[in-house]
Every structure is written in C-alpha cells, then in structure tokens.
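Descriptive analysis of the structure
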Amino acid sequence: MRPPEPGSGPAHDPEEYWDARYREGGAVWSGRPNVPVVDAVRSLSPGRALDLGCGEGGDAIWLAERGWSVTGVDISPSAIARAREAAGALGAAPSPTFVVADLSTWEPEGGPFDLVMASFLHSPVDLARTAVLRRGADEVAPGGHLLIVSHVTPPTGMSTGGHTPPRFLTPAQELDALGLDGGGWEVCLMETRTRTRTPQVDARAGGPEQRMDGILLLRRLSS
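Described below are features of the structure shown in this document.

Rules used throughout
- Residues numbered from 1 in each chain as written.
- Predicted model: local features only at pLDDT ≥ 70, side-chain atom pairs only at ≥ 80, totals over all residues.
- Heavy atoms only, no water.
- Phe/Tyr/Trp six-rings, centres within 6.5 Å; stacked < 30°, edge-to-face > 60°.
- Lys NZ or Arg CZ within 6 Å of the ring centre and 35° of its normal.
- Helix = DSSP H or I, 4+ residues; strand = E, 2+ residues; numbered from the N terminus.
- Contact = heavy atoms within 4.5 Å.
- Patch = residues over 30% accessible without salt bridge, like charges linked within 9 Å, V, L, I, M, F, W, Y side chains within 5 Å.
- Areas by Shrake-Rupley, 256 points an atom, 1.4 Å probe, with all protein chains shown as cover.
- Salt bridge = Lys/Arg side-chain N within 4 Å of Asp/Glu carboxyl O.
- Lys, Arg positive; Asp, Glu negative; His and termini not counted.
- Charge placed at Lys NZ, Arg CZ, Asp CG, Glu CD.
- Buried < 20%, exposed > 50% of the residue type's maximum accessible area, 1.4 Å probe, protein only.

What follows is about the packing of aromatic side chains. Inspection of the entire model under this criterion finds zero aromatic pairs. Taking the ring centre of F113 as reference, the NZ or CZ of R48 above it sits at 5.6 Å.

Structure (structure tokens):
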C-alpha cells in the first residue's frame with residue numbers, strides 16, 4: 001500500500017480503493033527497489049523477510065535476488081498479480097511468496113522473521129498503520145531487524161479524495177508511536193533524507209519534486 005497520486009477510486013472500502021489504483025493503467029511504480037531500502041539492507045545477512053504493503057513487489061524481488069526468503073503482503077489483488085508476474089519474469093530464486101491480505105486483520109505465518117519492513121505504508125483509507133507496524137515488530141526474531149521507510153511530509157499533489165489525511169511522522173516520532181520495549185531494541189539508523197523524484201511511470205504526477213523520506217532501522221536484541 002502506497003500513497004495515492006491524484007486520481008479517483010472507490011470511496012471507503014480499502015481493497016476496492018487500492019485495487020482500483022492498481023487497475024487504472026500500466027505499472028504504478030518503476031519496479032526498482034526503493035533506494036533507502038537498498039541502503040539499509042545491503043549490509044545485512046540474508047534470511048527470512050516480510051514486506052508489509054509490498055505493492056508490485058520491487059523491494060521483495062530485490063531481496064529475493066540477494067538470497068532472502070521473502071513474503072510480500074498487499075491488500076490489492078492487482079498489485080500482487082503484477083508482483084508475481086514480475087518475479088516470474090526475472091526468475092528470482094528463491095522466488096518471493098506474495099499474499100493478498102488486509103494488513104489490519106492479517107495474521108502473519110511462518111515467523112519469526114530476520115527482517116520485517118514497510119516502505120511508504122501510508123493510506124487515506126482505513127489503515128491502522130501504527131498497529132500494523134507494532135504487529136510487524138512482534139514478528140522480528142531476536143537479532144533481526146525492523147525497517148520502516150516513510151514519507152515525512154505529504155507528497156506534492158497527494159489527493160485524499162475527502163478522506164482523513166494520513167499522519168506523516170519523523171523517524172523519532174515513529175519510534176515513539178510504536179512504543180516498543182526500550183530495552184529490547186537497538187536503533188541502527190534513524191534519519192531523514194531529501195530526494196528529487198522524477199515521475200517515470202505515472203504522467204499525472206507532474207514534474208520533478210522534492211520529497212523527504214524517513215528511515216528507521218531497529219535491531220531486536222537477543223533475549
């Protein structure tokens with residue numbers, strides 16, 4: 001699940017809203033992994049990974065190509081279908097497992113995980129984001145990592161379609177909101193970065209724009 005660009009979609013049901021977003025045309029995203037994910041994960045030893053709100057699978061496929069055993073979850077059947085197609089075309093081995101599910105109610109299977117991650121998990125439609133991230137944190141194995149990459153400020157031109165705008169937190173605010181056991185986690189990375197985004201897929205997004213990303217990488221201490 002990712003922040004919508006200007007457009008329209010069913011008003012209330014999260015699955016309909018996000019599936020409409022992915023059904024509107026061709027690929028919504030570039031297919032490449034998010035740069036903050038690459039930077040945060042490249043030095044970690046491959047293991048089992050869980051990608052919350054995986055969209056069309058760019059991050060999950062990149063992880064799989066580097067030896068991770070990955071499960072990617074998204075509420076949109078259309079997004080998951082594209083993720084599976086992309087993984088099949090690239091021949092990622094081991095190929096990620098992609099699951100259609102609502103993260104607000106989904107119960108993870110196969111944990112604990114060495115990496116639980118969420119990239120730009122924001123939604124104007126019915127997403128208990130902090131609760132989802134806390135549940136993700138519960139799935140991290142001792143010695144494993146929790147990675148949250150997020151928008152610190154709203155993307156230019158973001159449309160909420162009349163819905164309540166998502167909350168945009170700094171990494172420090174994100175950590176406070178999670179309310180994790182302070183003695184059970186180590187902060188490995190907590191920073192904001194400015195980047196220039198040039199739309200390459202969705203022409204409606206307009207020209208280059210500055211965006212502020214938050215990166216929070218935590219390691220669960222061994223019990």
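Within the secondary structure layout, H145 lies in strand 5 (residues 140-151). Every residue in contact with H145, bar those within four places of it in the chain, is listed here: L44, D114, L115, V116, V140, C188, L217, L218 and R219.

What follows deals with a negative patch on the surface. Together, D13, E15, E16 and D126 give the surface a local cluster of negative charge. By secondary structure assignment, the location of E15 is in helix 1 (residues 14-23). The exposure class assigned to E15 is partly exposed, which follows from its relative accessible area of 40%.

Right, let's get into the pattern of salt bridges. On inspection of all chains with the given rule, the structure shows eight salt bridges. R82 serves as the salt-bridge partner of E56, at 2.8 Å between the closest nitrogen and oxygen. Taken together, the residues E56 in the loop between strand 1 (48-52) and helix 3 (58-65) and R82 in helix 4 (residues 77-90) connect sequence positions 26 residues apart. A single burial state applies to E56 and to R82, both of which are buried. One continuous salt-bridge network, built from bridges that share partners, spans D39, R42, E191 and R193.

Note that every value here comes from positions in space, so none of it alone points to a role or purpose.
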